[in-house]
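So the chains spell out like this:
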Amino acid sequence: MTNNIKINFNSKKIVMTRGFAKKAARPGTDEYIELNNIRADYPDFKVATRKPIKKNKSKESYKGLTYNYMREYIRHNEPSKTRETVIAELEENIIRSRCHSDGFRYPVIKSWFLDRYPEVRDFGKSRESKDSLDTKDQMKGKVA
């Protein structure tokens, strides 16, 4: 059982998760019924939703790094002698990963791909750092 809804007696609030609130917005659902039962028990309490979990801004994410992108990248960047072998290895990793839980499927293959092609990991980083330095230099010029 998860803690989707809590009663905060100090602030007189009924606090729920966003997912619970979304389900409770549909009349007839179990969540709707549970929320209305709690509201009946505490009529002077306000209903509020919990703030979402803050994202880790330092975490590296690779938007667009799909299996299809990996296949195309290998086709265009791997030497012709090893191209088919590496694509076969990718496909084997995809098949092998299906026996694991959802959390271990994509991350394992992404790690394999980024270890094999580290330039993809660094793509755009030098440009971003150069752009931020140029912006800082421009700001210094305006201030001085």
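Look up a bit, the structure's there.
Criteria and cut-off values
- Numbering of residues starts from 1 in every chain and runs along the sequence as written.
- At least 70 in pLDDT is required for a residue's local features to be given in this predicted model, at least 80 for side-chain atom pairs to be given and counted, and no such filter applies to totals for whole chains, interfaces and linings, which use all residues.
- Heavy atoms from the whole structure form the basis of all side-chain values; hydrogens and water molecules are not counted.
- Going along the chain from the N terminus, every DSSP run of H or I of four or more residues is numbered as a helix, and every run of E of two or more is numbered as a strand.
- Each residue is assigned to one of three classes by its accessible area relative to the maximum for its type, calculated with a 1.4 Å probe on protein chains only: buried under 20%, partly exposed between the two thresholds, exposed over 50%.
- By definition, residues are in contact when any of their heavy atoms lie within 4.5 Å.
- Computed by Shrake-Rupley with a 1.4 Å probe, the accessible areas treat only the displayed protein chains as cover when residues are assessed.
- The rule is short: rings of Phe, Tyr and Trp, with Trp giving its six-membered ring, pair when the centres are within 6.5 Å, and they are stacked under 30 degrees, edge-to-face over 60, tilted in between.
- Residues belong to a common nonpolar core when they are buried Ala, Val, Leu, Ile, Met, Phe, Trp, Tyr or Cys residues joined through side-chain atoms within 4.5 Å.

> Explain the overall build of the chain here, please?
In terms of regular secondary structure, the chain is built from seven helices and three strands. In the chain, which comprises 144 residues, the proportion classed as buried is 22%. Residue pairs in contact within the chain that sit at least 24 positions apart in sequence constitute 57% of those at least 6 positions apart. Carbon and sulfur atoms form 53% of the exposed surface of the chain, whose accessible area is close to 11,700 Å².

> Can you help me understand the packing of aromatic side chains in this one?
Two aromatic rings, taken as a pair, are described by how far apart their centres are and by the angle between their planes. Scanning all chains against the criterion turns up eight aromatic pairs. Judged by centre distance (5.7 Å) and plane angle (75 degrees), the ring pair of Phe9 and Tyr42 falls under edge-to-face. With Phe9 in the loop between β1 (5-8) and β2 (13-16) and Tyr42 in the loop between α2 (30-41) and β3 (46-49), this residue pair connects regions lying 33 residues apart in the sequence. Arranged with centres 5.3 Å apart and planes meeting at 75 degrees, the rings of Tyr73 and Tyr117 form a pair that is edge-to-face. Separated by 44 residues along the polypeptide, Tyr73 in helix α3 (residues 67-77) and Tyr117 in the loop between α5 (102-116) and α6 (118-121) bring together distant segments of the chain. Residue class for Tyr73 comes out buried when judged on its relative accessible area of 13%. Taken together through their ring pairs, the aromatic side chains of Tyr69, Tyr73, Phe113 and Tyr117 make up a single cluster.

> Help me understand the nonpolar core in this model?
Note that soluble globular proteins tend to have their nonpolar side chains buried in a common cluster. Within the largest apolar cluster, 15 residues are counted, with the highest numbers of intra-cluster contacts made by Leu65, Ile74, Leu90, Phe113, Tyr117 and Val120. Broken down by secondary-structure element, the contributors of at least two residues to this core are α3, α4 (80-97) and α5. Every residue in contact with Leu65, bar those within four places of it in the chain, is listed here: Met70, Tyr106, Lys110, Phe113, Leu114 and Val120. By size, the runner-up hydrophobic cluster in this structure holds nine residues, among which are Ile14, Phe20, Ala24 and Phe45.

Limitation: the analysis is restricted to geometry and does not speak to function.
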